[in-house]
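# Breakdown of the fold
One-letter residues, chain by chain:
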Amino acid sequence: MDPSNPTYSAVSQMLAIASEPSQMLPAREQMAFTLGFHIILVPFGVAFTFLMLVANFRGLRRNDRQAMLLAQRWSKVAAVLFAVGAVTGTVLSFELGILWPGLMGKYGSAFGFPFAIEGLFFFLEAIFMAVYIYGWNRLSPWAHFWTGVPVTLASVGGAGAVIAANGWMNQPGGIVVHGGRVVDVSPVKVFFNGAFWLEFLHMLLAAYIVAGFTVAGVYAAGMLKGRRDRYHRLGFLIPLTVASITMPLQFIVGDTIARQVFDEEPAKFAAIEILPKTGDHVPETLGGVLIDGKARYGIQLPDIASVLAGFTPSTRIKGIDAIPSAVRPADAVVSVVHLAFDVMVGTASALLLLAVWFGLLWWRRRDMPTNRWFLRACAVAGLVSIVSLESGWVTTEVGRQPWTVVGLLLTRDAVTTTGNLWPFFGAAVAIYLAVGVTAVLVLRSMRRRWAKGDDADDVPYGPEPTPPNQPVARS
């Protein structure tokens, strides 16, 4: 049968699905759910603590009581989200060994190195987070501020370590394989792999965008309800300014990454562009799905994909047909990657327009925008940024399929082949939902107390600070 025949393609994909290990589906579903949940918390660990320090710095430099109140309250929220992230991240670490023994057994000596570094950053972050929260009114103001700086730096380092592991899966390097076994590892080359720097910068900027728009959205919603006091204005302006400055940078980095994917990961790029056949003058397809090897229902913009990839309409782009049939992604996988990429770009474009709107309003009035439509847009911007984050993650991870480590390890060879993973999946969902619901209830309880002004205590728990000039009791 002719390999280019759609029937041949459909039969091949059905045979490939039938040959997958029985645990493939639950393993994929669990990893997708737990990673999709955990990645929402990452921006708040990486960037929310930075917003907290900005408010703290402003409060100290300008003797701004409202900014200090914001910093104090945000530190308590950061502590709650850090605890949730610790639980969900721990579950993920167990999943790597339980669900994907083929990955850890064969490449653990390389893949595990970035996670060892991440563990060190995690403990450093936890220690200084505790010091910062407990240090309110127990340390001198500037000494207390500086204890928060390692929290932000450690969170960035930890995120970088995880991105290093993910980048290595996309562009593996730093290892020597002999006889199917890893016989030599260069930790530096594993960590700083070909995909690391751009992926890391992309995720770091995404963290500031998500945290900034989400926090600003909370205060925008309050302002829509008539809370226009200085406390809400500051709570709105600080994160919105950070997110708005970050958005144009993210577009530059994202455009650069797209060209790197074109050069280094042609299969993923073909899926992003939903391109069945290799060619030049490739159109940019908006929407659409791949059915029987053909792109359908999309809107095509002539030559744009080729121009974006190589700055000229004659740029030749490898299509799905250039991928060996044994490792060619199914039509459904290609469609998911393409649509996720479209959603990511579409939502990011909307956020960029919002950032430009904010900049123009501020430039014209030199004051905080009070337009209700602008505030409504900001109120939903946090949700839009989370959708953009999730769709970007789907593009990166699903776009690598059917590989777990590109060119070295297929996903079907990495997954466990023993036991029944569905109960384990159900338990993970139950744990994550319980932790998530508890976190929401705790945060709502804190918000209600703050609305009543019932947070005179300077720390969420612990002994009261010793009053000045009062001797300390010693045992």
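Rules behind the numbers
Residues numbered from 1 in each chain as written. Predicted model: local features only at pLDDT ≥ 70, side-chain atom pairs only at ≥ 80, totals over all residues. Heavy atoms only, no water. Helix = DSSP H or I, 4+ residues; strand = E, 2+ residues; numbered from the N terminus. Rg over C-alpha atoms; globule rule 2.2 N^0.38 Å. Buried < 20%, exposed > 50% of the residue type's maximum accessible area, 1.4 Å probe, protein only. Contact = heavy atoms within 4.5 Å. Areas by Shrake-Rupley, 256 points an atom, 1.4 Å probe, with all protein chains shown as cover. Lys, Arg positive; Asp, Glu negative; His and termini not counted. Charge placed at Lys NZ, Arg CZ, Asp CG, Glu CD. Polar contact = N/O pair within 3.5 Å; in protein donor to acceptor, adjacent residues only side chain to side chain. Axes fitted to C-alpha atoms, helices over the stretch in contact; angles between N-to-C directions. Parallel < 35°, antiparallel > 145°, perpendicular 65-115°, else oblique. Left-handed = near helix turned anticlockwise from the far one by under 90°. Expected span 1.5 Å × (residues − 1). Pairing = 2+ DSSP bridges. Phe/Tyr/Trp six-rings, centres within 6.5 Å; stacked < 30°, edge-to-face > 60°. Lys NZ or Arg CZ within 6 Å of the ring centre and 35° of its normal. Nonpolar A, V, L, I, M, F, W, Y, C, P; charged D, E, K, R; others polar. pLDDT = per-residue confidence, 0-100. Salt bridge = Lys/Arg side-chain N within 4 Å of Asp/Glu carboxyl O.

### Remarks on the overall build of the protein
- Scanning the protein from terminus to terminus reveals 14 helices and 8 strands.
- In terms of overall dimensions, the protein is globule-like: its C-alpha atoms have a radius of gyration of 25 Å, near the 23 Å expected for 475 residues.
- Seen along its three principal axes, the alpha-carbon backbone of the protein occupies a region of about 90 × 60 × 40 Å.
- Looking at the 475 residues of the protein, the share that counts as buried comes to 45%.
- Summarising the internal contacts of the protein: among those between residues at least 6 apart in sequence, 76% fall at separations of at least 24.
- A total of about 23100 Å² of accessible surface is found on the protein, and carbon and sulfur atoms cover 66% of it.
- Both charge centroids of the protein, one from 37 positive and one from 31 negative side chains, sit 11 Å from each other.

### A closer look at the side chain of R259
- Turning to its location among the elements, R259 is positioned in helix α8 (residues 230–264).
- Looking at R259, its side chain comes within polar contact range of the main-chain oxygen of L308, at 3.0 Å.

### Looking at the packing of helix α2 (residues 24–62) against helix α12 (residues 372–398)
- α12 packs onto α2 with a crossing angle of 130° between their chain directions and a minimal axis gap of 10 Å. Viewed along their axes, α2 and α12 adopt a mutual orientation that is oblique. Of the two possible hands of crossing, α2 and α12 adopt the one that is right-handed. Together, A32, L35, G36, I39, I40 and P43 of α2 and I386, L389, E390 and W393 of α12 make up the contact between the two elements.

### Brief notes about helix α11 (residues 331–365)
- Taking 1.5 Å of rise per residue, 35 residues should cover 51 Å, and α11 covers 51 Å from first to last C-alpha, within 8% of that figure.
- Positioned one or two residues after α11, R366 has a phi angle of 55°, which is positive.

### Structural notes on the pairing of strand β1 (residues 175–178)
- The pairing of β1 with strand β2 (residues 181–185) spans 4 bridges and is antiparallel. Bridged to I175 within β2 is V185.
- Here β1 folds back onto β2 in antiparallel fashion, the turn holding 2 residues, of which G179 has a positive phi close to 65°.

### Regarding the packing of aromatic side chains
- Using the criterion set out here, one finds 32 aromatic pairs in the structure.
- Both rings, one in F192 and one in W197, keep their centres 5.5 Å apart while their planes meet at 15°; by these two values the pair is stacked.
- For W197, a relative accessible area of 54% gives the class exposed.
- Taken together, the aromatic side chains of F113, F191, F192, F196, W197 and F200 make up a single cluster linked through ring pairs.
- Above the ring of Y134, the side-chain terminus of R138 is found at 4.5 Å from the ring centroid.
- When the ring centre of W373 is taken as origin, the NZ or CZ atom of R376, which lies over that ring, is 4.6 Å away.

### Remarks on the packing of helix α3 (residues 65–99) against helix α4 (residues 101–134)
- Contact pair α3 / α4: the axes reach a minimum separation of 11 Å and the direction vectors enclose 160°. Considered as vectors, α3 and α4 are oriented roughly antiparallel to each other. The handedness of the crossing between α3 and α4 is left-handed. Of the residues in α4, those touching α3 at A71, S75, A78, A79, F82, A86, L96, G97, I98 and L99 are P101, M104, F111, F115, F122, E125, A126, M129, Y132 and I133.
- In terms of residue class, the contact of α3 with α4 is made up of 17 nonpolar, 2 polar and 1 charged.

### Remarks on unusual backbone geometry
- Cis geometry is found at the peptide bond from Q401 to P402, where omega equals 15°.
- Summarising the element assignment, P402 is placed in the loop between α12 and β7 (403–405).
- Although it is not a glycine, I274 adopts a positive phi angle of roughly 45°.
- Here I274 lies in the loop between α9 (266–272) and β3 (284–286).

### Considerations on the side chain of S306
- In this fold, S306 is placed in helix α10 (residues 304–310).
- At 2.8 Å, the side chain of S306 and the backbone nitrogen of V282 are in polar contact.
- Non-local contacts of S306, meaning those with residues more than four positions away in its chain, are made with D280, H281, V282, F311, T312, P313, T315 and I317.

### Things to note about the confidence of the model for the protein
- Scored by pLDDT, the protein has a mean of 88; 91% of the residues are at 70 or more.
- A low-confidence stretch, residues 14–18 stays under pLDDT 50, and its non-local contacts, those more than four residues away or across chains, total 0 contacts.
- Scored below 50 in pLDDT, residues 456–475 shows 21 contacts in the model against residues more than four places distant or in partner chains.

### Some remarks on helix α14 (residues 421–451)
- The end-to-end C-alpha distance of α14, which contains 31 residues, comes to 45 Å, matching closely the 45 Å that a straight helix rising 1.5 Å per residue would cover.
- Listed as buried for α14 are L421, F425, A428, Y432, V435, G436, A439, M446 and W450.
- Where α14 is buried, its residues contact α2 and α3.
- Among the residues of α14, the N-terminal cap falls to N420, whose side-chain oxygen and the backbone nitrogen of W422 are separated by 3.2 Å.
- Directly after α14, the chain includes G453, whose backbone phi takes a positive value near 75°.

### Re the pattern of salt bridges
- Applying the stated rule across the entire model yields 5 salt bridges.
- Measuring nitrogen to oxygen at the nearest pair gives 2.2 Å for the salt bridge that ties D255 to R259. With D255 and R259 both in helix α8 and 4 residues apart, this pair spans about one turn of that helix.
- A network of salt bridges, in which partner residues are shared, links R58, D64 and R230.

### Let's talk about the environment of S109
- Within the secondary structure, S109 sits in helix α4.
- Look at S109 and you get partly exposed, because its relative accessible area is 47%.
- Beyond its immediate chain neighbours, meaning those up to four positions away, S109 contacts V182 and V185.

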